[in-house]
Structures are given as C-alpha cells and as structure tokens.
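# Observations on the model geometry
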Amino acid sequence: MVDRGRQPMPCHWNESELKLHIALCGPATLSLLQPYVTAPIETAGYPFPLIPTLAIEYLELGHTVSVVTTATDIRDAQEFRGERLTVIVVPSRSRARDRVADLFSRERKGVRDALRRLAPDIVHAHWTYEFALGAQAAAVAPVLVTAHDAPLTILRHMRDGYRAVRAVMAYLARVRIHNLTAVSPYLAKKWSQEMVYRRTIPVIPNPTPELELGTRLAGPKDDVVLEVADGSPLKNVQALMRAFFLVREVKPEVKLHLVGPGLDGRGAMKAWAQENGLDAGVVFLGVLDRHAIATEYANATVFCHASLEESQGLCLLEAMSARVPIVAGADSGGVAWTLFEGKAGTLVDVRDPRAISMAITALLSDPVAAAQQGLDAEALMRSRFSPGVVAAQYLTEYRRLIDAPRVKGEAR
C-alpha cells in the first residue's frame, strides 16, 4: 500500500524529549561531514551526498547524529567525533565479486558491530541491502528503512550476477522490514508489487544536496549540455550521444559534458563514441569532486538526464537547485514525479534520440524560456525537496516508531 502523504501520527513526547540520537546508515560523502568532526577524515568513504545532507540538517536542529558507512580504502574501522556527531567507517572489500560471494557478509557485520557501539533512539538505514541487513542484525533500536530502488527492475535493466545477488539481499531484508519509506510514489508502488510488501509505504523524497557555489567561467562561452550519470546501460548515455550528434547539426558549437563513473576519457564509452563517430564536441570528465560538479552545473546551459529508470534521481534535484533547464524521461520511473509532471523540466521519450535532440535544441534556441524553466524548477524543488522539508517528515516517522509498541524481533 502506498501512502502519498500520511498525516503525522500523534505521539506522547514532551519538550525535554524532543531531541533524538539518530543513527544514519548508508553511503556517505565524508568530506561534507569534515567541518563537524575534530580529526581529519582521510578516507573517501562510500561517496553519496544523501546521508550527510540529512545529518547536517538534524545537527542544525539540535539532534545528536551518528553516521555508519563503509569504505574500500581502509582495513580497520575508523571513528571520528564532533560535538554531536559520530562517524564510524567500516571496511568494505574493493572487488564486487568478493562482496557478492557471501552476500556482503563482512560489510553487514561491520555495520552491525558499529551500531552496537552506539546507543541511538532510532536507526535509519538507506537502501535495502547491506545497510538494512546490518541495522536489522544490530537490534539496538527501532529501524526505519528507506528504499531507493526497485531491485527486480534494476535486475531487468542490468542482468548480471551482481544485481541478482543484490535482489536476493533485498528479499532477505524485506522479511524483517516493519517500517519502510520510499523516495517516490513510483518506487513505493514498485516495492509493493515486485517485493510483495503489504505494509503501508509512506513516500518521503530525497532532499536536495547542498552544493558549493559553482565557479562561473568568465567571458563568452559555448553552450554546454550536461549529464551526470554513469556508463551503465540503465543510464542510456549512448542514446544521449546519438541525440547530441543531431543537436550539433543545428548548433555546431555546443558541447556535451559527461560526468560520472565510466564516463572518463579512457573508458569503453569514449571508445564506443569514437567508433561510431559520435565523439565530436563530447567532453568525458568522469568522476569529479563536489566542487567540480557544482562548477559544471553553474556553467551548463541544459541538463539532460537520459536514464531509462530512476526512483527519483539526486542529479535532477541538483540541476533544479542550480536553475539549469532539464530534459529527462517521460516514462523513466520516478523522473516525471520529481519534475512535477513537466512543470520543472521537459519530459520526452529518452529511447528516441530525435525526441531528445529536439527538446535540447528548443531550450538552446530560446534562452528566455529556458531561464524561466530553471527558475520555476528551483521554486518547486524547494517546496518539496529542500532538506528542511524532508527532515521534518523523517522526524515525524522517527518519533512515531519510537513511541509505538515494539514489533517482535525489534529492539526496545
């Protein structure tokens, strides 16, 4: 059952009990948390800005926060502390085949043991894999799990052993998930159907990550179409490059900047583009740090996300925040909902390169309309996806779970 906007449940808290100790488990861009701890964080962690965005919002609201994440560049668990923040980073094996061989056993145990060193009021695990399983095994507090993808849908798009094992892990977690949220109505429906999950699934979206103010290039510059994705078939970057070839027939000076894993100048994607004569004007940037990504958004003319499926898509939120006009998939999972059914972006059939190219060309040809789309998107984004709005919804869920009778098998 999908809950698109459940009203907050009444709870029995008084003012002295309102501040919580919240444990967040999931991928985390640790550099974003460096200002809140005393010792230098030298590991990169498991880069993703969602957990730090929530952690910082909770800290600013006066709560105590613990973050449990993993990293492949450490051998032993590391702990970093600040005034009201604890960060525990546990080792993860670098090779995917080693992790899937035992269903991420070492990573799950690391998350479990880290949580047992803490005494949180609530544990919030993101993704329905090793972090959810580790949180369930720890049994130190009520657990809220947030689904960020539909495992069987991912497996249909990327049919390999790694995704098959991940789907198995999600089913193992599902058996013990008593409290689940999803980041979009689309994903909540998918989880209900594919995972045969019959409990109510409140929809609480991802918050828009804070980006540093990007550096705008001085002087005249070429138009830039930006994509932040990866080289997997799911992200559909090849269709975007076919579309970009058509755009350059009308706008020969335009550039396409590709950011993300598998999109660097030495990878298979660039080789494919060269072999097919589609590399003209394409800049393969690969993985960038947060400041460099912010700079890309600041200098982009259009953001085009050609992904075939997204539960929500943080890159869309970042583009909306940066006021960059967006082209994305009309039938790509949660994309249309994220873009307010087309009020915050242009929705097209991303399987059709010509449709993509026409939408990009229209925005490049009408800068006034494109700029207005960017302004409208930012305003809509703040109404639904700002960190404060999202954090308030999660805090309501946390307090409801803490105040509720314990489900058998959960910690008190």
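Please read all numbers here as calculations on a predicted model, not as lab measurements. (Residues numbered from 1 in each chain as written. Predicted model: local features only at pLDDT ≥ 70, side-chain atom pairs only at ≥ 80, totals over all residues. Heavy atoms only, no water.)

## Overview of the pattern of salt bridges
Within this structure, the stated rule accounts for 15 salt bridges. Where Arg166 meets Glu130, a salt bridge forms, and the shortest distance between an N and an O atom there is 2.6 Å. Taken together, the positions of Arg166 in helix α6 (residues 161-174) and Glu130 in helix α4 (residues 130-138) put the pair 36 residues apart, joining distant regions of the chain. The pair formed by Arg166 and Glu130 is uniform in burial state, with each residue classed as buried. In this structure, Glu194 engages Arg156 in a salt bridge whose closest nitrogen and oxygen atoms are separated by 2.8 Å. Placement of the pair is Glu194 in helix α7 (residues 185-194) and Arg156 in helix α5 (residues 151-157), with a sequence separation of 38 residues. Looking at Glu194, the relative accessible area reads 12%, which means it is buried. The class of Arg156 is partly exposed, set by a relative accessible area of 45%. Salt bridges sharing partners connect three or more residues here, namely Glu79, Arg81 and Arg117. (Salt bridge = Lys/Arg side-chain N within 4 Å of Asp/Glu carboxyl O. Helix = DSSP H or I, 4+ residues; strand = E, 2+ residues; numbered from the N terminus. Buried < 20%, exposed > 50% of the residue type's maximum accessible area, 1.4 Å probe, protein only.)

## Description of the pairing of strand β15 (residues 302-305)
Of the two faces of β15, the one holding Val302 and Cys304 and the one holding Phe303 and His305 are both buried throughout. The pairing of β15 with strand β16 (residues 326-329) spans three bridges and is parallel. Residue pairing across strands places Phe303 opposite Ile326, the latter belonging to β16. Crossover handedness for the path β15 to helix α11 (residues 314-321) to β16: right-handed. (Pairing = 2+ DSSP bridges. Right-handed = clockwise from strand over helix to strand, strands pointing away.)

## Focus: the confidence of the model for the protein
A residue-level look at the protein finds 92% of positions with pLDDT of 70 or above and a mean pLDDT of 93. Per-residue pLDDT stays below 50 along residues 4-16; that stretch engages in 18 contacts with residues further than four places along the chain or on separate chains. (pLDDT = per-residue confidence, 0-100. Contact = heavy atoms within 4.5 Å.)

## With respect to the pairing of strand β5 (residues 64-71)
Within β5, seven of the eight residues are buried, leaving the element largely enclosed by the surrounding structure. Both strand β2 (residues 21-25) and β5 contribute to a ladder of five bridges, which runs parallel. Opposite Cys25, over in β5, you have Val68 as the bridge partner. Pairing of β5 with strand β7 (residues 85-91) involves seven bridges; the strand directions are parallel.

## Remarks on the sheet that holds β2
Strand order across the open sheet formed by seven strands is β6-β7-β5-β2-β8-β9-β10, with mixed pairing between neighbours. The open sheet has two free edges, formed respectively by β6 (78-81) and β10 (180-182), since each of these has just one partner strand. Taking the axes of each pair of neighbouring strands and ignoring which way they run, one obtains an average angle of 20° across the sheet. (Axes fitted to C-alpha atoms, helices over the stretch in contact; angles between N-to-C directions.)

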